[in-house]
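An overview of the molecular structure
Residues per chain, in single letters:
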Amino acid sequence: MDFSLSPGAVDFRAAVKAFIAEHLTTEVVDQMHATGTFNDKTFNAALADAGLLAGAVPGYGDRDPIELYILFNELEKAGAPYDGLAVTMLVAGVVNAVGTDFHRNRVLQKLLTGRFNCCLGYSEPDHGSDVASITTKAVRDGDEWVITGQKMWTTMAHVSDWVILLTRTNPDVPRHKGLTMFLLPMDTPGIEVQPVPTMATERTNATFYDDVRVGDEWRLGEVDGGWAVMGVALAFERGVMGGTNPAVPLLRHVRDWAGGAASPDGGTMLQDPLLRERLARTAIANQVSQLLTLRAAWIAATGGLPGLEGSMAKLYATGRYQQAVGWFQEMAGAEGLLAFGVDDAAADGWIDYDARHAPVTTIYGGTTEINRNNVAERHLGLPRDR
Amino acid sequence: MDLDLTEDQESIRDVFADFFSSETGPEQAREAEPLGFDSRAWDRLLETGAPGMGVAESSGGGGANLADLAVVVEEAGAHIAALPLVDHMVTTRLLARVGACDDDVLAGTTIVGLAIRPPQDGTARTVPSGAVARQVVALDGDALVLVDSDPGAHLQNHGCLPLAHRPLAGATVLAKGPDAAAAYHLALDEWRTLTASTLVGITRTALNLGVDYARERRQFGRPIGSFQAIQHLLADLPGLLDGARLLTAKAAWAGDRAVAGQTGVADIGDNEITDFATLACMALVSAGEAATTATDRSLHVHGGYGFSEEYDIQLYFRRARALTVVLDDPARECRRLADMLLTRHATGTTA
């Protein structure tokens, strides 16, 4: 094994770091938390213009796929607004894998400019983990489809140009077999977006589809073949495109705070033996999370679909992140409760922010329980029980 | 970057998987208790060249690097071999570095071991191979010393490791000063890395035992492995196992770079860690946690049978704990790790 990056990857990482140092200003970070939209079109466009998005689409182009991992890992470690970009590039990968020339020309090329966004329309109010049971229906009408229903957790819908939308096209077959995916322009008449505020700073949405008419050319994959498209999308989503190193900025913020924070026992918090132990344990977890993610990226780079490995990375990383957040919030005491912008807030409010954000990480992108089911059934070969 | 084993390492893995699966295993481990030394298997192991394989060919060894040795000892751990292989391997490498490795040590006819804790009152306490090794190397102050005496009296213990105290009276001084200490600490980090790899092997088998049992055991009319409560206990383990294996492999990679004179970095702010001492410590804590968790859950899945002597999981359960704490409390290892990681921040600056 060789854990050093290739010279080309080292150069790419240096370019990403330099880009972040120049473009990730305090204003960009403040704007992200103030609006709840972890997406910055100016930042994304500048990334594309700097040539750093060319390798960001899973499975597309001739760039080293490790670049995809490096890009999102660096953005995540830096605390940059990358959620919208990750979803957009994920959709670009799905479009590339299963789309038509029409989709590639009309959508993929635009996504590569960093000036357009996509969102994911899978979950519904009554169908989350059991996504194959969704009821948003698409009915064929000549060369068109008419779509009616509601989606939930459509994060970035309010800034998106397209949504990939999972619909039911056949209610008379087993639930996985009657689904069809669409790539739907968000300016199609009949779509309504309503904000869903969350307990962290980020915003998500509910989206409503009322007799939305769309041409068959916007269908993504086969009629009743939507589940296969989901499989591609989920394999790209888990592990490789950020979301598995959230405790890196947390550790940095806590370390920097602890060096200057007085301990009630005397000295600084950084001299507290228990905090030191926990900082070290978090540093170990961050390395393991990075390596599990790198392994998923490595599998993708060598031609595989790292769905299971991504599940393992997400299971491990999000559990450890929540554990670390709990430790550090307790140890920061009352100052750890104080928010961004409040004097004396521990770690400038980052502990409060991470403690608000952490719970969703074991829910979105496939809950911990769904990922455990995946690993139990498909990796360990235990009998399916649902 | 390359996260696959080399072709040579795949061959090494296959050869030693065969060896340990035919010469060692739960049955032999039981017979070797309580001492924890299977002398018949050790004699057979000499024929493979494993005892000296980590020493340079120019010094009469097999020329294997630390990453290769990690592959070998994962198999030893997976097959619960009652052999002082890790201790012998790292000590032969240390002795070769200070020019004190003789042919009997290379061949393994003389067993050598490392005192992994600082001596107290002239005695190296609870030496992991102290009850079977003829020669033990210790760091006594700033002196690297070798004691050559009959193996010590076995201290009966939780994991049936061949633990013994070894008095250092009459020991030979091999080297003194900063270089001696550096050589010792390099060997100790190799011990951490290879012990981590042994624990990875234990984790692997413990997981397999739990999964196999959950598939076969039936209650309420169906396999217990079909219950989500059981599935989810086991489903966390592959990530722990693979994570610990990757981190251990990275530590071995960093160790081989360190031996070649390349230094690494340890920047937790950027999650960029290539320093060997840091990674060795991380690997041992990570693999210890993986092994204790996997053996704990696997034993639990076995129900009462897991607690009985008859089933194999208890052998793995006890060794997982023994190898995790025989050097030190993992919490103290973490504080030591923090000392390495936070040096620049220890004075209250936020540089």
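Given the structure is predicted, the values throughout are model-derived calculations rather than measurements.

Summing up its helical and strand segments, chain B has 13 helices and 10 strands in all. What you see for chain B is a C-alpha radius of gyration of 20 Å, in line with the 20 Å of a compact globule of 351 residues. By principal-axis analysis of the C-alpha atoms, chain B measures approximately 70 × 55 × 45 Å. Split into buried and exposed, the 351 residues of chain B put 56% on the buried side. When contacts within chain B are restricted to residue pairs at least 6 apart in sequence, those whose partners lie at least 24 apart make up 71%.

Our focus in this paragraph is the overall build of chain A. Along the backbone of chain A there are 12 helices and 8 strands. On C-alpha atoms alone, chain A measures out to a radius of gyration of 21 Å, which is about the 21 Å that the 2.2 N^0.38 rule sets for 386 residues. Looking at chain A residue by residue over its 386 residues, the buried ones come to 52%. Considering only intrachain contacts with a sequence separation of at least 6, the fraction spanning at least 24 residues in chain A is 70%.

Think of an α-helix as 3.6 residues a turn; residues three or four steps apart then line up on the same face. All names here are of chain A. The end-to-end C-alpha distance of helix H11 (residues 350-361) is 16 Å, a good match for the 16 Å that 12 residues give at a rise of 1.5 Å each. For H11, a buried count of 9 out of 12 residues is recorded, marking the element as mostly surrounded by other parts of the structure. All of the buried residues in H11 are Trp350, Ile351, Asp352, Tyr353, Asp354, Ala355, His357, Ala358 and Thr361. Those residues of H11 that are buried are in contact with helix H8 (247-258) and helix H10 (307-332).

On to unusual backbone geometry. B:Glu33 connects to B:Pro34 through a cis peptide bond whose omega is 5°. Along the chain, B:Pro34 turns up in the loop between helix H2 (26-32) and helix H3 (39-46). Backbone geometry places A:Met156, a non-glycine residue, at a positive phi of 80°. One non-glycine residue, A:Asp348, lies in the positive phi region at around 55°. As for its placement among the helices and strands, A:Asp348 is situated in the loop between H10 and H11.

Counting residues in each nonpolar core, the largest one holds 235 residues, and the members touching the most others are A:Ile164 and B:Leu234. Filtering out sequence-adjacent residues up to four positions away, A:Ile164 remains in contact with A:Val91, A:Val94, A:Cys118, A:Leu120, A:Gly121, A:Met181, A:Leu183 and A:Leu220.

Quick look at the interface of chain A and chain B now. On the side of chain B, 48 residues touch chain A, which itself brings 45 residues to the contact. Contributions of two or more residues to the side of chain A that touches chain B are made by helix H4 (66-78), H8, helix H9 (273-301), H10 and helix H12 (368-379) of chain A. Within the side of chain A that touches chain B, the residues separate by chemical class into 24 nonpolar, 10 polar and 11 charged.

The next thing to look at is the domain arrangement of chain A. All names here are of chain A. According to the domain assignment, chain A consists of domain 1 (7-116), domain 2 (119-228) and domain 3 (238-379). Taking the mean C-alpha position of each, domain 1 and domain 3 sit 22 Å from one another. Facing the 17 residues of domain 1 at the interface are 13 residues of domain 3. Looking at the side of domain 1 that touches domain 3, the element that brings in the most residues is H4, giving 8 residues. Of the residues assigned to the side of domain 1 that touches domain 3, the class counts are 11 nonpolar, 3 polar and 3 charged.

Turning our eyes to something else, we now look at the sheet that holds strand E6 (residues 172-176) of chain B. All names here are of chain B. Ordered in space as E1-E3-E4-E6, the 4 strands form an open sheet in which the pairing is mixed. On the outer flanks of this sheet lie strand E1 (112-114) and E6, each paired with one strand and no other. Looking at each pair of strands side by side, their axes are set apart by 25° on average, direction ignored. Pairing of strand E3 (residues 135-140) with strand E4 (residues 143-148) involves 6 bridges; the strand directions are antiparallel. Paired with Gln135 across the strands is Asp148, a residue of E4. Contacting E1 and E3, helix H5 (residues 85-97) runs over the sheet at an angle of about 90° to E1.

Right, let's get into helix H4 (residues 66-78) of chain B. Residues and elements named next belong to chain B. With 13 residues, H4 extends 18 Å between its outermost C-alpha atoms, agreeing within 8% with the 18 Å of an ideal straight helix rising 1.5 Å per residue. In terms of burial, H4 is largely enclosed, as 13 of its 13 residues are buried. Where H4 ends, the next residue or the one after it, Ile80, has phi of about 50°, a positive value.

Each value, and the rule that gives it
- Counting restarts for each chain: residues are numbered from 1 in the order of the written sequence.
- Chains and ligands are labelled sequentially in the order written, the chains with letters from A and the ligands with numbers from 1.
- Where totals are concerned, whole chains, interfaces and linings use all residues; where local detail is concerned, this predicted model gives features only for residues with pLDDT of at least 70, and gives and counts side-chain atom pairs only at 80 or more.
- Numbered from the N terminus, helices here are DSSP runs of H or I no shorter than four residues, and strands are runs of E no shorter than two.
- Put simply, the radius of gyration uses C-alpha atoms, and a globule should come to 2.2 Å times the residue count raised to 0.38.
- Using C-beta atoms placed from the backbone, we call a residue buried if 20 or more other C-beta atoms fall within 10 Å of its own, exposed if 12 or fewer do, and partly exposed for counts in between.
- Whether two residues are in contact is decided by their C-beta atoms, placed from the backbone, lying within 7 Å.
- The span one expects for a helix is its residue count, reduced by one, times 1.5 Å.
- Connectivity within a nonpolar core runs through C-beta atoms within 7 Å, and the core itself is a set of buried Ala, Val, Leu, Ile, Met, Phe, Trp, Tyr and Cys residues.
- Under the grouping applied here, Gly and all other residues not named as nonpolar or charged are polar, the nonpolar ones being Ala, Val, Leu, Ile, Met, Phe, Trp, Tyr, Cys and Pro and the charged ones Asp, Glu, Lys and Arg.
- Here the bounds of each domain stem from an automatic or database domain assignment.
- If DSSP finds at least two bridges between two strands, the strands pair.
- Interaxial angle, 0 to 180 degrees, is taken between N-to-C directions of lines fitted to C-alpha atoms, where a helix line uses only the stretch in contact.

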